[in-house]
Amino acid sequence: MNRKTIIIIALFLIAIWCFFVSWVRLGDINSYATMTGFDMVRGAFGMPGNPLSNNPGSEALALLAFITAIAGLITCFFKSKVAFIIRISTGVAGAALLAVLNFTIPGYIHGLSEWPLTVSFLPGYWLAIVTLFIASIVSFAGKRP
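Fair warning: this is a prediction, and the values are worked out from it, not measured in the lab. (Residues numbered from 1 in each chain as written. Predicted model: local features only at pLDDT ≥ 70, side-chain atom pairs only at ≥ 80, totals over all residues. Heavy atoms only, no water.)

Student: Explain the overall build of the protein here, please?
Tutor: Check the secondary structure of the protein and you find five helices and three strands. Counting helices and strands in the order they occur from the N terminus, the protein gives α-β-β-α-α-α-β-α. Residue pairs at least 24 apart in sequence account for 67% of intrachain contacts in the protein once pairs closer than 6 positions are excluded. Surface summary for the protein: the accessible area is close to 7,800 Å², and the carbon and sulfur share equals 71%. (Helix = DSSP H or I, 4+ residues; strand = E, 2+ residues; numbered from the N terminus. Contact = heavy atoms within 4.5 Å. Areas by Shrake-Rupley, 256 points an atom, 1.4 Å probe, with all protein chains shown as cover.)

Student: What exactly am I supposed to notice about the environment of Phe66 here?
Tutor: In this structure, Phe66 sits in helix α3 (residues 56–75). Along the sequence, Phe66 and Leu98 sit 32 residues apart, while their C-alpha atoms lie 9.3 Å from each other. The residues touching Phe66, leaving out its near neighbours within four places in the chain, are Ile16, Phe19, Phe20, Phe38 and Val41.

Student: Before we go on, may I ask you to explain the packing of helix α1 (residues 3–18) against helix α5 (residues 123–141) in this structure?
Tutor: Working note: a packed helix pair is described by the angle between its axes plus the distance between those axes. Two numbers describe how α1 lies on α5: the axes approach to 8 Å, and their chain directions differ by 160°. One way to sum up the angle between α1 and α5 is to call them roughly antiparallel. Crossing handedness for the pair α1 and α5: left-handed. Across the interface between the two elements, Lys4, Ile7, Ile8, Leu11, Phe12, Ile14, Ala15, Trp17 and Cys18 from α1 touch Gly124, Leu127, Ala128, Thr131, Leu132, Ile134, Ala135, Val138, Ser139 and Ala141 from α5. Class assignment of the residues belonging to the contact of α1 with α5 gives a composition of 15 nonpolar, three polar and one charged. (Axes fitted to C-alpha atoms, helices over the stretch in contact; angles between N-to-C directions. Parallel < 35°, antiparallel > 145°, perpendicular 65-115°, else oblique. Left-handed = near helix turned anticlockwise from the far one by under 90°. Nonpolar A, V, L, I, M, F, W, Y, C, P; charged D, E, K, R; others polar.)

Student: Explain the sheet that holds strand β1 (residues 22–27) here, please?
Tutor: The pairing of strands in a sheet happens through backbone hydrogen bonds and is either parallel or antiparallel. Strands sit in the order β2-β1-β3 across an open sheet of three strands; the sheet is antiparallel. Single-partner strands in this sheet number two, and they are β2 (32–36) and β3 (119–121). The mean angle between the axes of side-by-side strands here comes to 20°, regardless of whether they run parallel or antiparallel. Pairing geometry for β1 and β2, over five bridges, is antiparallel. Within the sheet, the bridge partner assigned to Ser22 lies in β2 and is Thr36. The strands that α5 touches are β1 and β3; relative to β1, the one it contacts most, it runs at about 140°. (Pairing = 2+ DSSP bridges.)

Student: I tried to follow α5 on my own but got confused; where do I start?
Tutor: Each full turn of the α-helix corresponds to 3.6 residues, which orients residues three or four apart in the same direction. Spanning 19 residues, α5 covers 26 Å between terminal C-alpha atoms, matching the ideal 27 Å at 1.5 Å per step. Within α5 the residues assigned to the buried category are Gly124, Tyr125, Ala128, Ile129, Thr131, Leu132, Ala135, Ser136, Val138 and Ser139. (Expected span 1.5 Å × (residues − 1). Buried < 20%, exposed > 50% of the residue type's maximum accessible area, 1.4 Å probe, protein only.)

Student: Would you mind going over the nonpolar core with me for this structure?
Tutor: The biggest cluster of nonpolar side chains holds 35 residues, and the ones touching the most others in it are Trp23, Val24, Met40, Leu98, Leu101 and Ile105. Of all the elements in the fold, those that place two or more residues in this core are α1, β1, α2 (37–41), α3, α4 (81–112), β3 and α5. Tallying contributions element by element places α1 first for this core, with seven residues. (Core = buried A, V, L, I, M, F, W, Y, C linked by side-chain atoms within 4.5 Å.)

Student: What is the right way to read the environment of Phe84 from this model?
Tutor: Position of Phe84 among the secondary structure elements: in helix α4. With twelve residues separating them in the primary sequence, Phe84 and Gly72 have C-alpha atoms 9.3 Å apart.

In short, shape yes, function no, at least from these values alone.
Structure, rendered in structure tokens:
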């Protein structure tokens with residue numbers, strides 16, 4: 001493995017790790033709830049008592065982004081041209097899917113509540129987007145099979 005491949009593997013691993021840190025904070029400074037990316041992947045939106053229940057669109061986006069990050073990581077171990085194209089595509093697709101969450105979650109929350117509820121995205125969410133996008137850029141700039 002060359003150095004760029006190791007960097008790409010590290011970037012995909014960081015993106016996958018980001019799914020396990022807090023992504024979204026709902027509420028104000030005094031009273032809030034946080035959710036991780038993996039909470040979204042495993043369907044925490046639909047859990048009873050969760051203020052985000054019945055939001056399957058965001059769950060699907062998070063699940064697809066998680067799958068693309070894993071697929072990108074797996075393709076790092078193959079040297080074919082197809083794996084190279086998939087690696088680039090999964091980085092861009094994962095970043096795009098996560099970026100769409102920035103619109104779906106606040107839109108859903110604001111439609112749910114009668115009073116304004118603050119939705120803020122935490123650094124783990126942004127780091128996942130950035131690392132997936134950088135992984136695709138480094139893959140594209142790397143040695144082609």
